[in-house]
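Commentary on secondary and tertiary structure
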Amino acid sequence: MIAWSLVVDGTAVEYPAVVARRRDGEIIKDVKTASLGPSSNELCARIPAELDPVKGLLLRGQANYAVPHGFWTIWQDLPPITVPPL
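Within each chain, residues carry numbers counting from 1 in the order of the written sequence. With pLDDT at 70 or above as the cut-off, local features in this predicted model cover only qualifying residues; side-chain atom pairs require 80 or more to be listed or tallied, and sums for whole chains, interfaces and linings still use all residues. As a convention, hydrogens and water are excluded, and side-chain values are obtained from all of the structure's heavy atoms.

**Focus: the overall build of the chain**
Strands here are runs of E lasting at least two residues and helices are runs of H or I lasting at least four, both read from the DSSP assignment and numbered beginning at the N terminus. If you tally the helices and strands in the chain, you get zero helices and seven strands. The secondary structure elements of the chain, listed N-terminal to C-terminal, are β-β-β-β-β-β-β. Burial analysis of the chain (86 residues in total) assigns 22% to the buried set. Contacts in the chain between residues far apart in sequence, at least 24 positions, make up 53% of those at least 6 positions apart. Three exposure classes are used, based on accessible area relative to the maximum for each residue type with a 1.4 Å probe and protein chains only: buried under 20%, partly exposed in between, and exposed over 50%. In what follows, a contact means two residues having at least one pair of non-hydrogen atoms within 4.5 Å.

**Topic: the environment of Glu 42**
Tracing the sequence through the fold places Glu 42 in the loop between β3 (19–21) and β4 (43–45). Measuring from C-alpha to C-alpha, the distance between Glu 42 and Arg 23 comes to 7.4 Å, with 19 residues separating the pair along the chain. Once you skip the residues sitting within four places of it in the chain, Glu 42 turns out to touch Ala 20, Arg 21 and Arg 22.

**Let's talk about the pairing of strand β6 (residues 73–77)**
Every other side chain in a regular strand lies on the same face of the sheet, so the side chains alternate between the two faces. Relative to β6, strand β5 (residues 57–66) runs antiparallel, the two sharing five bridges. Paired with Ala 66 across the two strands is Thr 73, which belongs to β6. Any two strands with at least two DSSP bridges between them are considered paired. Between β5 and β6, which pair antiparallel one after the other, the connecting turn spans six residues, and Gly 70 there sits at a positive phi close to 80 degrees.

**Some words on the confidence of the model for the chain**
Looking at the chain as a whole, its pLDDT mean stands at 78, while 87% of the residues score no less than 70. What pLDDT conveys is the predictor's confidence in a given residue, as a value from 0 to 100. At the level of individual helices and strands, the chain shows its lowest average pLDDT in strand β2 (residues 11–16), which scores 66, and its highest in β6, which scores 87.

**So, the nonpolar core**
Ile 2, Trp 4, Leu 6, Val 8, Ala 17, Val 19, Ile 28, Leu 51, Leu 57, Leu 59, Ala 63 and Val 83 form the largest nonpolar core, which has 12 residues in total. The set of elements that each furnish at least two residues to this core consists of β1 (2–8) and β5. When residues of this core are assigned to their parent elements, the largest contribution, four residues, is made by β1. The nonpolar core is taken to be a set of buried Ala, Val, Leu, Ile, Met, Phe, Trp, Tyr and Cys residues, with the residues joined through side-chain atoms within 4.5 Å.

Here it is in structure tokens:
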């Protein structure tokens, strides 16, 4: 599972972000193994209108992985994405 949130000045905003792959519109919510070799993904996320003018806005993601024994899961931070101001 992948969870996304918007961050302003280091504080997570209580707004879940829905992120989709640009090429096919698939919503990014499940962890899938990438193919070997070079690749890239362009991601799209709807930003609320009231956050459009905010400077320093980031989109943060975390992936949750199940471990083989099944007793717990591990959250791993994904690289932050800078949201350009309009």
